[in-house]
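Notes for the structure review
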Amino acid sequence: MLIVASIFGAFASNYPLYVISRLIMGFGSAFVIVYFNPIVVKYFTPEERPIVNGINAAAFNEGNLLAILFTGTLLSNLESWQNVIMAISAASFVVLVIWWLVSDDFAMTAQNKAGEAIRNYTLSDGIKDPVNRWLPIAYSGLLFYYIAVFVWFPHVPTLAADAKYLSSIMIGAGMVGTVVGIIAAKRFALRVPVIRYCGLAMTACASLMIYTEIPSVAYLSVFLAGFFMFVPMTSLVTLPQELPDMTPTRITVIFGMFWSIAYIIETGLMYTAGVLADQTGSIAVAAIFAVACSSTFFIASFFLPETGKKELTDGAVPAKA
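Presented here is an overview of the structure given in this document. (Residues numbered from 1 in each chain as written. Predicted model: local features only at pLDDT ≥ 70, side-chain atom pairs only at ≥ 80, totals over all residues. Heavy atoms only, no water.)

What follows concerns the overall build of the chain. Assigned secondary structure in the chain consists of 12 helices and 0 strands. For the chain, the succession of helices and strands along the chain, N to C, is α-α-α-α-α-α-α-α-α-α-α-α. For the chain, the C-alpha radius of gyration of 21 Å lies close to 20 Å, the compact-globule estimate for 321 residues. Residues counted as buried form 43% of the 321 residues belonging to the chain. Restricting the contact set of the chain to residue pairs at least 6 apart, pairs at least 24 apart contribute 79%. Total accessible area on the chain stands at roughly 16800 Å², and carbon and sulfur atoms take up 69% of it. Here the chain contributes 16 positive and 18 negative side-chain charges, whose respective centroids are spaced 8 Å apart. (Helix = DSSP H or I, 4+ residues; strand = E, 2+ residues; numbered from the N terminus. Rg over C-alpha atoms; globule rule 2.2 N^0.38 Å. Buried < 20%, exposed > 50% of the residue type's maximum accessible area, 1.4 Å probe, protein only. Contact = heavy atoms within 4.5 Å. Areas by Shrake-Rupley, 256 points an atom, 1.4 Å probe, with all protein chains shown as cover. Lys, Arg positive; Asp, Glu negative; His and termini not counted. Charge placed at Lys NZ, Arg CZ, Asp CG, Glu CD.)

Take a look at the structure:
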């Protein structure tokens, strides 16, 4: 309902009211993203979760791609940005009604075999749990780099790739990477090696994109950076779901902290990039800073617990640490 409420932005009489409508939509989106995780833990088996997690991880990218492809057409047909917002909000309302009709409810409190309630995993417990520090640290650099591709990179004058193609290439590569990530999570037993080496490859390709003077190499490196960005996302999201004694309550706290802390760090990094650009007079410095920050995915992987099993059934090939 909060997402649908963004329709009021179309009637905003000034910019602050419009921003408030977007904040309301973002608040609702945050709830949806967090609460999909206990649903996954509750209704899907460990074997099914990589596929479901991959689909959920691709949803944001898919929405971006749809926006890039169809916003211009919607504007030309509906004649104003206000009408576009109302149309998208109406579509969100239809999805909301469908969800109401098909969804099920369940208790967040876990029970043992005797039917007794297990002590809830609280926010205090989450703060003490090291995994809740390293997961958002790992993702924050990737998130900052992803946003920087849209914000900073198009303004880098020395970039060999045409700025107008960066976002579409990145998103398209992300869709391909998500599919490969689902396969990797199903095929390979361990999670951390996928996160670690894809993170390293992503930073290497992003660096090449910045420094190459050959357009074809730049476009290829953009694609590969987006590809390696999304391949490990399924493993990253699946990892905490495989922690011992996982419950819907605990996974909700974990991912609530994950998204909150990751965006707080990303906001700080984005501000720092702006300061660097102002002080040096070079947008390229901010872009290079974003590439360097993307290495958090690789660095944090050395502190994440390995939740994958060394032996899988159904012909899966165990990964080597």
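From this point, things continue past the structure.
Turning our eyes to something else, we now look at the packing of aromatic side chains. Counted by the stated rule, this structure contains 18 aromatic pairs. When the centroid spacing of 5.6 Å and the interplanar angle of 70° are considered together, the rings of F255 and F258 count as edge-to-face. Here the residue F255 and the residue F258 both occupy positions in helix α10 (residues 248-280), the gap between them amounting to 3 residues, near one helical turn. With respect to class, F255 is no different from F258; both count as buried. One aromatic cluster is present, built from ring pairs that chain together Y139, F255, F258, W259 and Y263. (Phe/Tyr/Trp six-rings, centres within 6.5 Å; stacked < 30°, edge-to-face > 60°.)

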